[in-house]
Amino acid sequence: MKFSVRVNNDLGFEELTAIAVAAEKAGFDQLWVSNDLFLRSAPVLAGALAAGTARIGLGIAVMNPYSVHVSELAMLAATLQEVSGGRFLLGLGAGSEQFLGWAGITRARPLATTRTALVSLRALLGHEDVDRTLLPEWFGADSVLRFPLARPVPVYVGAMGPQMLEMAGRHADGVLPLLYPPERYVSARQHVLAGAANGGRDIDLPACFWVSLSDDAGTARAALAEKLAYYGPSISAPMLAAVGLRPQDFAPAARLAHGGHGAAQLIDDRMLALGVAGSAADVLARCRALYRLGARHLSFGPPLGPDPVTAIRLLGEQVLPALDESAEEAR
């Protein structure tokens, strides 16, 4: 089994550092930091975290090809690979249309734009298995990094829709499907494997879900509710429709959350079911179900819990070892 943890870039650096240190101690393989607009800069955070950790992989999930040019994304990734001693992972995605709109950026042709950026990045970052017919017109003999890479930087794609998942399976090193609810892993995996089969490639496919863990189930649910209030309207309409919800159902809660006010009371049980909240036993049961569905890499996302560092410790003590044991028994 492989385990990763994801955090949002709304956290202060001191808290984020504590989470990273705790995650490394708890046995997590990777730590991913989001790069949502108008919050803290994930590249800066990742560089600083590299100095404060020794083993854990460090990723950004995700950078988009609209607000930063692909050549600069490659520079960023290659530099972080050097700074981290070969531990960096780059996440790429089309980004949220809503969030990009805050900066006046239009998200044109998301599938084609992401594919072109992905192929270009992998070519710049040392990968040989690139379909060079898909490179953009500007990509030429001079489109190379002017400093050496110890090894290629893995490029993951943050994908949710069927076409993006299949494209990522065909061209990426890994896929980060944010699953609402976690059991959507079955559908996401089918699309990724369909793309990977066409390319004959081995893809890292973590089951990415939101979790809130605490000894107090009520506070765990409240922490997840606040996160869903902030991000709910940005979840795709087709994904929400599959569980009987709409983006506008989150609008009243989002107005409060984006204004810095508590909104947990406006998140109902249907919305909470999009993630996992409760005790260590509750989380373990859901994770074992994901293992039975074929997941071999579990990615625990925000809010993690009312106290994220405590949640990481509980995961490391009560959830990860039990999952490893179950996987060993299944062999």
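Residues numbered from 1 in each chain as written. Predicted model: local features only at pLDDT ≥ 70, side-chain atom pairs only at ≥ 80, totals over all residues. Heavy atoms only, no water.

Would you mind showing me how to read the environment of Phe-99 here?
Assignment of secondary structure puts Phe-99 in helix α4 (residues 97-102). Each C-alpha atom, one on Phe-99 and one on Ser-234, is 8.0 Å from the other, the two residues being 135 residues apart in sequence. Discounting residues that sit within four places of it in the chain, Phe-99 has contacts with Asp-36, Leu-37, Tyr-230, Tyr-231 and Ser-234. (Helix = DSSP H or I, 4+ residues; strand = E, 2+ residues; numbered from the N terminus. Contact = heavy atoms within 4.5 Å.)

Before we go on, may I ask you to explain the packing of helix α5 (residues 110-124) against helix α6 (residues 162-171) in this structure?
When two helices pack together, you describe them by how their axes are tilted relative to each other and by the distance separating the axes. Look at α5 against α6: their axes get within 11 Å of each other, and the N-to-C directions meet at 15 degrees. Between α5 and α6, the crossing angle belongs to the class labelled roughly parallel. For the pair α5 and α6, the sense of crossing is right-handed. Residues Pro-110, Leu-111, Thr-114, Arg-115, Leu-118, Val-119 and Arg-122 of α5 touch α6, and the partners they reach there are Gln-163, Met-164, Met-167 and His-171. For the contact of α5 with α6, the residue count by class is six nonpolar, three polar and two charged. (Axes fitted to C-alpha atoms, helices over the stretch in contact; angles between N-to-C directions. Parallel < 35°, antiparallel > 145°, perpendicular 65-115°, else oblique. Left-handed = near helix turned anticlockwise from the far one by under 90°. Nonpolar A, V, L, I, M, F, W, Y, C, P; charged D, E, K, R; others polar.)

It is not clear to me how the packing of aromatic side chains should be interpreted in this structure. Could you clarify?
Given two aromatic rings, their pairing is described by the distance between the two centres and the angle made by the two planes. By the definition in use, this model includes nine aromatic pairs. Here the aromatic rings of Phe-28 and Phe-300 are separated by 6.0 Å at their centres, their planes lie at 85 degrees, and the arrangement is edge-to-face. Placement of Phe-28 in the loop between α1 (13-26) and β2 (30-33) and of Phe-300 in strand β9 (residues 297-304) is noted, with a sequence separation of 272 residues between them. Here Trp-210 and Tyr-231 contribute two aromatic rings whose centre-to-centre distance is 5.7 Å and whose plane-to-plane angle is 70 degrees, an arrangement assigned as edge-to-face. Of the two residues, Trp-210 sits in strand β7 (residues 207-213) while Tyr-231 sits in helix α8 (residues 217-231), which places them 21 residues apart along the sequence. Like Trp-210, the residue Tyr-231 is buried in the burial classification. Aromatic rings pair up to connect Phe-99, Trp-102, Tyr-180, Trp-210, Tyr-230 and Tyr-231 into one cluster. Lying over the aromatic face of Tyr-291, Arg-296 brings its terminal NZ or CZ to 3.7 Å of the ring centre. (Phe/Tyr/Trp six-rings, centres within 6.5 Å; stacked < 30°, edge-to-face > 60°. Buried < 20%, exposed > 50% of the residue type's maximum accessible area, 1.4 Å probe, protein only. Lys NZ or Arg CZ within 6 Å of the ring centre and 35° of its normal.)

Is there a simple way to explain the pattern of salt bridges in this structure?
Should the charged atoms of two oppositely charged side chains come close, the side chains can pair. Taken as a whole and assessed by the stated rule, the structure comprises 10 salt bridges. The shortest N-O distance in the salt bridge between Lys-227 and Asp-10 comes to 3.2 Å. Taken as a pair, Lys-227 in helix α8 and Asp-10 in the loop between β1 (2-7) and α1 lie far apart in primary sequence, 217 residues in all. On the basis of relative accessible area, Asp-10 is assigned to the partly exposed category, the value being 32%. (Salt bridge = Lys/Arg side-chain N within 4 Å of Asp/Glu carboxyl O.)

Mind showing me how you'd approach the sheet that holds β7 here?
Sheet strands line up and pair through hydrogen bonds in the backbone, either parallel or antiparallel. One open sheet holds the nine strands; their spatial order is β6-β5-β4-β3-β2-β1-β9-β7-β8, and the pairing between them is parallel. Since the sheet does not close on itself, it has two edges, and those belong to β6 (174-176) and β8 (276-278), each with one partner. Here the strands of the sheet are splayed against their neighbours by 30 degrees on average, with no regard to which way each runs. Here three bridges tie β7 to β8, and the two strands are oriented parallel to one another. (Pairing = 2+ DSSP bridges.)

Sorry, what's going on with the nonpolar core here?
Buried together is how nonpolar side chains tend to be arranged in soluble globular proteins. Judged by nonpolar contacts, the single largest core of 85 residues is most densely connected at Phe-28, Leu-125, Val-283, Leu-298, Phe-300 and Val-319. Among the elements that line this core, the one with the most residues is helix α13 (residues 308-330), at eight residues. Apart from residues lying up to four places away in sequence, Val-319 is in contact with Ala-280, Val-283, Leu-284, Cys-287, Phe-300 and Leu-314. Within the second largest apolar cluster, 21 residues are counted, among which are Ala-225, Leu-228, Phe-250 and Leu-272. (Core = buried A, V, L, I, M, F, W, Y, C linked by side-chain atoms within 4.5 Å.)

Can you help me understand the pairing of β7 in this one?
Side chains on a regular strand alternate between the two faces of the sheet. The buried fraction of β7 is high, at seven of seven residues. Burial along β7 is two-sided: the face carrying Ala-207, Phe-209, Val-211 and Leu-213 and the face carrying Cys-208, Trp-210 and Ser-212 are both buried.

Explanation requested: the side chain of Ser-34 in the structure shown.
Relative to the helices and strands, Ser-34 is located in the loop between β2 and α2 (42-52). A polar side-chain atom of Ser-34 sits 3.3 Å from a polar atom in the side chain of Asn-8. Here Asn-9 takes part through its side chain, which lies 2.7 Å from a polar atom of the side chain of Ser-34. Excluding anything up to four places from it in sequence, Ser-34 contacts Val-7, Asn-8, Asn-9, Ala-42 and Ala-61. (Polar contact = N/O pair within 3.5 Å; in protein donor to acceptor, adjacent residues only side chain to side chain.)

No statement about biological role is implied by the geometric values presented.
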